[in-house]
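For reference, the chains in residue letters:
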2 protein chains.
Amino acid sequence: MSAASTPEPSRRSELLGIAAVLFAERGFKNTTVRDIADAAGILSGSLYHHFDSKESMVDELLDTFQTELWARYDEIEASDRTPKQKLEAVVRASFQAIDEHHSEVAIFQNDAAYLAGFDRFAYLGERNLKFRELWTGLLTAGVASGELRAGLDVELVYRFLRDTVWVAVRWYRPGGALTPADVADQYLTILLEGISQ
Amino acid sequence: MSAASTPEPSRRSELLGIAAVLFAERGFKNTTVRDIADAAGILSGSLYHHFDSKESMVDELLDTFQTELWARYDEIEASDRTPKQKLEAVVRASFQAIDEHHSEVAIFQNDAAYLAGFDRFAYLGERNLKFRELWTGLLTAGVASGELRAGLDVELVYRFLRDTVWVAVRWYRPGGALTPADVADQYLTILLEGISQ
DNA sequence: TCCTTACCCAAGCAAGTGCTTGGTAGGGTA
DNA sequence: TACCCTACCAAGCACTTGCTTGGGTAAGGA
């Protein structure tokens, strides 16, 4: 309680980062506490000085990431853009999240279904629902405003949208040739205009 | 060697089907031989009367599925359609594969990266390469023939295409309201024409 | 000097992992 | 009768898993 102002650049967050990378690479269940400890140069038991359990590590990773992401989404939704513009902004924010929180997105993408089975991670299901409402809401509003093509199967388009955005974490590498803005531009062009001549 | 004509409707294939469902639901590493045995109503040791190992089960599942899938792809590629028509046909064949071999596609989608680490599954990498060549070849030919928009980043479009098609296995349910042809139609419309008005 | 805090090691436990072994029951074949 | 086959059980082995326990050390404040 004494160090309330410091952003805690400590060993703890360092270890959390190491765990994040391994979870993202091999999956949560497939990563052992000994793997994490080895990567950190300590013994597995020593990890339990910093964390209660392996679960609490992912929990902390996913929770902080999602809180930050939804702050952006809420901001976009509350802005005074048109539905189509909001859709574009949400897509851009998502690709930026893949860039800035690559490991967390990968963990969420690969292990959310497994983790959602535990009571502790019930919030994952809630977030998914909220996510769905955000996207389908924007799509429906876009069709109503005439910005998007009439007769779209909103539910189906939502699924394609959601999956295509997040699955990019499988090949996108932060620091590579493509910036998240580049990818978002290309993707939005395909999505909005199609690839036909 | 006596029953050469029968398609072997035996206990073996039955067990393989049970294993496929579990592998698809929980992931390969996350599924134990005891899980499979329990689902089949036998003890875990009894599985080894039918199969050499847990690995050989996925191996058989993935290999037979991919052989069948590539028979279709090769047929399409060798046909005398235009590049764009071939692209559409490949997309349709892929969605049909998701319908007919749902578990196998899910296993491939979720565990291919992990399995590719073993020598035994080196063919997964080769197939991936062949897959890439198929898609990028069709896209490049489509741009050259004027059917697809000029200036497309073929590599990026390929990734979007590949991921979006296969990730559908996460939400598509065989026997549901949507046929694979329905999904393919909707998807191709979005891909080719976009969602803008 | 004493105590606290942060950090780590060495050793191990209970549960679970893939897989092996020796054996049994029922049926077919010569 | 003698032999082999398919299909399975019961028991267990060697190993890995997440996590615990009981220490130890270095730094810093009172």
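Above this text is the structure in question.
Below is a short write-up of the structure. Bear in mind that the values here come from a model prediction, so they are computed numbers and not experimental data.

So, the interface of chain B and chain A
Listed as interface residues are 39 residues of chain B and, on the opposing side, 39 residues of chain A. With both sides pooled, the region where chain B packs onto chain A buries about 3500 Å², and carbon together with sulfur makes up 58% of that total. Inspection of the chain B/chain A interface yields zero salt bridges. Connecting chain B to chain A are six residue pairs in polar contact (both at pLDDT 80 or more). Residue assignment for the side of chain B that touches chain A shows that the elements contributing at least two residues are helix H4 (83-100), helix H5 (102-115), helix H7 (154-167) and helix H8 (180-193) of chain B. Looking at the side of chain B that touches chain A, its residues break down into 19 nonpolar, 10 polar and 10 charged.

Re the side chain of A:Ser44
Tracing the chain through its elements places A:Ser44 in the loop between helix H2 (33-40) and helix H3 (54-78). When near neighbours in sequence (up to four residues on either side) are disregarded, A:Ser44 contacts A:Val33, A:Arg34 and A:Ala37.

A short note on the packing of aromatic side chains
Scanning all chains against the criterion turns up 23 aromatic pairs over all chains. Summarising the aromatic geometry, the rings of A:Phe121 and A:Tyr123 are spaced 6.3 Å apart at their centres and angled 40° between planes, so their arrangement reads as tilted. A:Tyr123 matches A:Phe121 in its accessibility class, with the two residues each being buried. With 5.7 Å between their ring centres and 50° between their planes, B:Tyr73 and B:Phe131 make a pair best called tilted.

Remarks on the packing of H4(B) against H7(B)
All names here are of chain B. For the pair H4 and H7, the least separation of the axes is 9 Å and the interaxial angle reads 30°. As far as their axial angle goes, H7 and H4 are roughly parallel. Of the two elements, H4 crosses H7, and the hand of that crossing is right-handed. Together, Val 91, Ser 94, Phe 95, Ala 97 and Ile 98 of H4 and Leu 161, Val 165 and Trp 166 of H7 make up the contact between the two elements. For the contact of H4 with H7, the residue count by class is seven nonpolar, one polar and no charged.

Details of empty space enclosed by the protein
The full count for this structure, using the stated rule, is two cavities of 30 Å³ or more. By volume, the largest cavity is sized at about 170 Å³. What lines the largest cavity is a set of 14 residues, and nearest its centre among them are A:Thr164, A:Tyr187, A:Ile190, B:Thr164 and B:Tyr187. Put simply, the parts of the chain that give the lining of the largest cavity at least two residues each are helix H7 (154-167) and helix H8 (180-193) of chain A together with H7 and H8 of chain B.

How each quantity is defined
- Residues numbered from 1 in each chain as written.
- Chains lettered and ligands numbered in written order.
- Predicted model: local features only at pLDDT ≥ 70, side-chain atom pairs only at ≥ 80, totals over all residues.
- Heavy atoms only, no water.
- Contact = heavy atoms within 4.5 Å.
- Buried area = accessible area lost by both parts, 1.4 Å probe.
- Salt bridge = Lys/Arg side-chain N within 4 Å of Asp/Glu carboxyl O.
- Polar contact = N/O pair within 3.5 Å; in protein donor to acceptor, adjacent residues only side chain to side chain.
- Helix = DSSP H or I, 4+ residues; strand = E, 2+ residues; numbered from the N terminus.
- Nonpolar A, V, L, I, M, F, W, Y, C, P; charged D, E, K, R; others polar.
- Phe/Tyr/Trp six-rings, centres within 6.5 Å; stacked < 30°, edge-to-face > 60°.
- Buried < 20%, exposed > 50% of the residue type's maximum accessible area, 1.4 Å probe, protein only.
- Axes fitted to C-alpha atoms, helices over the stretch in contact; angles between N-to-C directions.
- Parallel < 35°, antiparallel > 145°, perpendicular 65-115°, else oblique.
- Left-handed = near helix turned anticlockwise from the far one by under 90°.
- 1 Å grid on protein atoms, 1.4 Å probe; cavity = no way out; pocket = protein on both sides within 12 Å on 5 of 7 lines; lining within 4 Å.
- Points joined across faces, edges and corners; volume = space filled by probe spheres on them.

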